[in-house]
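Topology and contacts: notes
This is what each chain is made of:
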Number of protein chains: 2
Amino acid sequence: MRNTLELGKSTEAGGVKAPETLAALAYQRLRQDIITGVFAPGQPLRLELLRQRYGLSFSPLREALNRLQTERLVASAALRGFSVAAVSTEEMWDATETRILIESEALRRSIEYGDDDWEARIVSTFHSLDLQARRMTNSETVSMEELSALEARHKDFHGALIAKCRSRRLIDLADQLYAETQRYRLPTLTGKTPATSRNIAGEHRQIMEAAFARNTDEAVALLTAHYRRTSESIERFMAEHMS
Amino acid sequence: MRNTLELGKSTEAGGVKAPETLAALAYQRLRQDIITGVFAPGQPLRLELLRQRYGLSFSPLREALNRLQTERLVASAALRGFSVAAVSTEEMWDATETRILIESEALRRSIEYGDDDWEARIVSTFHSLDLQARRMTNSETVSMEELSALEARHKDFHGALIAKCRSRRLIDLADQLYAETQRYRLPTLTGKTPATSRNIAGEHRQIMEAAFARNTDEAVALLTAHYRRTSESIERFMAEHMS
DNA sequence: AAAACTCTTTCTTTCGAAAATCAGACATGT
DNA sequence: ACATGTCTGATTTTCGAAAGAAAGAGTTTT
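Attention in this report is confined to the structure presented alongside it. No experiment lies behind these values; they were computed from the predicted model shown. (Residues numbered from 1 in each chain as written. Chains lettered and ligands numbered in written order. Predicted model: local features only at pLDDT ≥ 70, side-chain atom pairs only at ≥ 80, totals over all residues. Heavy atoms only, no water.)

1. Focus: the overall build of chain A
- In terms of regular secondary structure, chain A is built from 10 helices and 3 strands.
- Put simply, chain A runs from its N terminus to its C terminus through helices and strands in the order α-β-α-α-β-β-α-α-α-α-α-α-α.
- Put simply, chain A has 243 residues, and 43% of those count as buried.
- Counting only contacts in chain A whose residues sit at least 6 apart along the sequence, the fraction spanning at least 24 positions is 69%.
- For chain A, the computed accessible surface area is about 12,500 Å², with 50% contributed by carbon and sulfur atoms. (Helix = DSSP H or I, 4+ residues; strand = E, 2+ residues; numbered from the N terminus. Buried < 20%, exposed > 50% of the residue type's maximum accessible area, 1.4 Å probe, protein only. Contact = heavy atoms within 4.5 Å. Areas by Shrake-Rupley, 256 points an atom, 1.4 Å probe, with all protein chains shown as cover.)

Quick look at the structure:
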């Protein structure tokens, strides 16, 4: 009896491609479940548990876990299996500052090489993000679906900013670091829903406008401040609420 | 019958740790064989072949290949297996410029935080590298062992420069990018043995001295020029010798 | 001859069981 | 009581076989 490789064919929005092997499927689902906090930081990832949860065998799970390990979302001890990577302010800051380094350079190059198409995509993703954010501030209840939709739009916007940097490596690294830092912004960790404390939309707009004005240094400074503020806010929260 | 996990216990020099699982062993050996050109760029990596070559089963090999894929040393098509990542001037330059970005920042921080211990290690590794290089320029024949010894010393020196940057991520990224760029410096690709065309030792010494003088901008500029010169030289060679 | 189809071969991918290892409980001796 | 050693159950890691997919050869059809 075998899982007959009938995988989701829909090429969904938000940059998620249909997996072509079970290992790729395991990677996507595990990654998502770690990023969204379904599995808590530090929690052991027992193979048997995952096998049941995803209906897969050891091999594809193991491959997925190995990939996630190199992305620092999963930790593993020699013969003691895997666990969700732990969180700490040190790790958060290292991820944040590395992300700033990568995205600053990527943004510089994108501004240099960016064309009409680039601007169009930024405007479009900014608008989608803004719309989703407004929709959520108006309603009292925030569903899980809306939260992940907001997250997807947010990711799209930041992706659009650096899309024209002409470096596969910078884009992939930004992607990785986005996933790492996303874990720290989770309501399960910070207790509050995003977009409440600061004027996030305003910061995004400022970055966009500086980029369009080809004001490179200004755009980079704004982006840097944007990321540092977020991490500082999380650091404050963690200091208060965790012993 | 099973491979009884009796792994090399010796903690060898050059930053190679004894593997604790067969998957880790497979990773190390495969990585080395790809970096040193035992497997040519673009060459398919058939599982059966690897199984025989390393005396391992599919599972550990597959895990190793997956890890190497995220490091861009191995490429894989959906259901068509793995192959050694192809080489191209575009990829080389992307790797080079990304490396410059990472190591420049890492060097800046290392200079800021570096202590006596840091300087000592740089002096020591520079000396070892210099010694090995002199040994090789004097003798006519260059053995494979000497070449890999030189490579190890070279890696140690560049590692020592950025060792005190206080960022796991920057160090690991530098490591990865070192491996990527190393493939382009291979005699099998460039035709010539290293350290012949330029005054490599002199460039290294300049970087070291600028770092010790806490002349940050100068050190970074020298390091950048060092890497760009190498890639330019390889690019010239490739343009001449490959159609 | 070109296109479409089937068959065969080759290879990857997945599975589930077997082996190896670890962690903790229990017992033994000092 | 405190080490020290052994056993046991849980878990990871590895293996080899089986299933599935792709590429190419040969065959038939248009």
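So much for the structure itself; the text now carries on.
2. Comments concerning the sheet that holds strand β2 (residues 74-77) of chain A
Residues and elements named next belong to chain A.
- With respect to topology, 3 strands assemble into an open sheet ordered β1-β3-β2, the strand pairing being antiparallel. Two strands bound the open sheet, and with one partner strand each, they are β1 (44-45) and β2.
- Relative to strand β3 (residues 81-84), β1 is paired through 2 bridges, and the arrangement is antiparallel. If you follow Pro-44 over to β3, its bridge partner there is Ser-83. (Pairing = 2+ DSSP bridges.)

3. Structural notes on the relation of the copies chain B and chain A
- Expressed as a screw operation, the relation of chain B to chain A combines 0.0 Å of axial shift with a rotation of 180°, fitting to an RMSD of 0.0 Å. The symmetry that links the two subunits is that of a two-fold axis.
- Both copies contact each other with a shared surface, as 100% of the interface residues of chain B are interface residues in chain A too. (Least-squares fit on C-alpha atoms with pLDDT ≥ 70 in both.)

4. Focus on the side chain of Glu-97 of chain B
- Position of Glu-97 of chain B among the secondary structure elements: in helix α4 (residues 89-113).
- For Glu-97 of chain B, the side chain forms a polar contact with the side chain of Arg-228 of chain B, separated by 2.7 Å.
- Ignoring anything within four residues of it in the chain, the contact list for Glu-97 of chain B reads Arg-109 of chain A together with Arg-228 of chain B. (Polar contact = N/O pair within 3.5 Å; in protein donor to acceptor, adjacent residues only side chain to side chain.)

5. Quick look at the interface of chain B and chain A
- Listed as interface residues are 27 residues of chain B and, on the opposing side, 27 residues of chain A.
- The contact between chain B and chain A buries some 2,500 Å² in all, and 52% of this surface belongs to carbon and sulfur atoms.
- Three residues, Glu-63, Leu-101 and Arg-169 of chain B, lead the burial of chain B against chain A; their summed loss comes to 29% of the area buried on that side.
- With a closest N to O distance of 3.0 Å, Arg-169 of chain A and Asp-94 of chain B form a salt bridge.
- Where chain B meets chain A, there are 17 residue pairs in polar contact (both at pLDDT 80 or more).
- Elements represented by at least two residues in the side of chain B that touches chain A include exactly α3 (58-70), α4 and α7 (168-182) of chain B.
- With 9 residues, the top contributor of residues to the side of chain B that touches chain A is α4 of chain B. (Buried area = accessible area lost by both parts, 1.4 Å probe. Salt bridge = Lys/Arg side-chain N within 4 Å of Asp/Glu carboxyl O.)

6. Structural notes on the pairing of β3 of chain A
Residue and element names in this part refer to chain A.
- Note: β2 against β3, 4 bridges, orientation antiparallel. Among the inter-strand pairings, Ala-77 is bridged to a residue of β3, identified as Gly-81.
- Counted between consecutive antiparallel strands, the loop separating β2 from β3 contains 3 residues.

7. Quick word on the nonpolar core
- Of all hydrophobic cores here, the largest spans 62 residues; its most connected members are Ile-102, Leu-107 and Leu-161 of chain A together with Ile-102, Leu-107 and Leu-161 of chain B.
- Not counting residues up to four positions away in its chain, the partners in contact with Ile-102 of chain A are Leu-170, Leu-173, Ala-174 and Leu-177 of chain A together with Leu-101 and Ile-102 of chain B. (Core = buried A, V, L, I, M, F, W, Y, C linked by side-chain atoms within 4.5 Å.)

8. What to know about helix α2 (residues 47-54) of chain B
Residues and elements named next belong to chain B.
- Within α2 the residues assigned to the buried category are Leu-47, Leu-50 and Tyr-54. Seen along its axis, α2 keeps its buried residues to an arc of 65°; they face one direction.
- Residues of α2 that are buried in the fold lie against α1 (22-35), β1 (44-45), α3 and β3 (81-84).
- Remark: Gly-55 follows α2 within two positions and exhibits a positive phi of approximately 65°. (Arc of directions from axis to C-beta.)

9. Overview of the environment of Ser-88 of chain A
Residues and elements named next belong to chain A.
- Within the secondary structure, Ser-88 is located in the loop between β3 and α4 (89-113).
- In this structure the C-alpha to C-alpha distance between Ser-88 and Pro-41, which are 47 residues apart in sequence, comes to 9.8 Å.
- In terms of polar contacts, Ser-88 uses its side chain to reach the backbone amide nitrogen of Glu-91, at 3.1 Å.

Coordinates in, geometry out; function isn't part of it.
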